Amino acid sequence: DPKDPRHPLYLGMVQVKAGLDKEAMLSLLRATVLNPDLAPAWGVMGELELRANHLDLALQHLEKARKLEPESLKWRIAQAKVHKRQ
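Right, let's walk through the structure included here. (Residues numbered from 1 in each chain as written. Predicted model: local features only at pLDDT ≥ 70, side-chain atom pairs only at ≥ 80, totals over all residues. Heavy atoms only, no water.)

1. Describing the nonpolar core
Counting 22 residues, the largest nonpolar core has Leu-9, Leu-28, Val-44, Leu-48, Trp-75 and Val-82 as its most contacted members. Contributions of two or more residues to this core are made by α1 (6-17), α2 (21-34), α3 (39-51), α4 (55-68) and α5 (73-85). For this core, the element with the highest residue contribution is α3, accounting for seven residues. Ignoring anything within four residues of it in the chain, the contact list for Leu-28 reads Pro-8, Leu-9, Gly-12, Ala-41, Val-44, Met-45 and Leu-48. (Core = buried A, V, L, I, M, F, W, Y, C linked by side-chain atoms within 4.5 Å. Buried < 20%, exposed > 50% of the residue type's maximum accessible area, 1.4 Å probe, protein only. Helix = DSSP H or I, 4+ residues; strand = E, 2+ residues; numbered from the N terminus. Contact = heavy atoms within 4.5 Å.)

Written out as structure tokens, the structure reads:
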């Protein structure tokens, strides 16, 4: 189903594990277009931007993930890493 955001989300997660960061970013972006409330997609995009040292974008994505999942320790730690690097 091309309208199901889980497919590009899961594909993006697999691509991250395989080290295909650009492809993963595109898949995760596609997932957020289909469903803007996918915190895991925003969080992983933030982590990818942090890896690429794009700190402003990383912070934007991680803030969105934290807004959607405020109890998630993973997004809080990633956001702290961005602030530390800044």
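2. Observations concerning the pattern of salt bridges
Considering all chains together, one arrives at two salt bridges under this definition. Here Asp-4 makes a salt bridge to Arg-6, at a shortest N to O gap of 2.7 Å. Taking relative accessible area as the criterion, Arg-6 reaches 47% and is therefore assigned partly exposed. Note that Asp-21 and Arg-51 form a salt bridge whose closest N and O atoms lie 3.1 Å from each other. In this pair, Asp-21 sits in helix α2 while Arg-51 sits in helix α3, placing the two residues 30 residues apart along the sequence. Given a relative accessible area of 28%, Asp-21 falls into the partly exposed group. Using a relative accessible area of 52% as the deciding quantity, one classes Arg-51 as exposed. (Salt bridge = Lys/Arg side-chain N within 4 Å of Asp/Glu carboxyl O.)

3. Section: the environment of Glu-63
On the secondary structure map, Glu-63 appears in helix α4. Taking relative accessible area as the criterion, Glu-63 reaches 41% and is therefore assigned partly exposed. Once the C-alpha coordinates of Glu-63 and Gly-46 are considered, the two residues, 17 residues apart in sequence, prove to be 8.7 Å apart.

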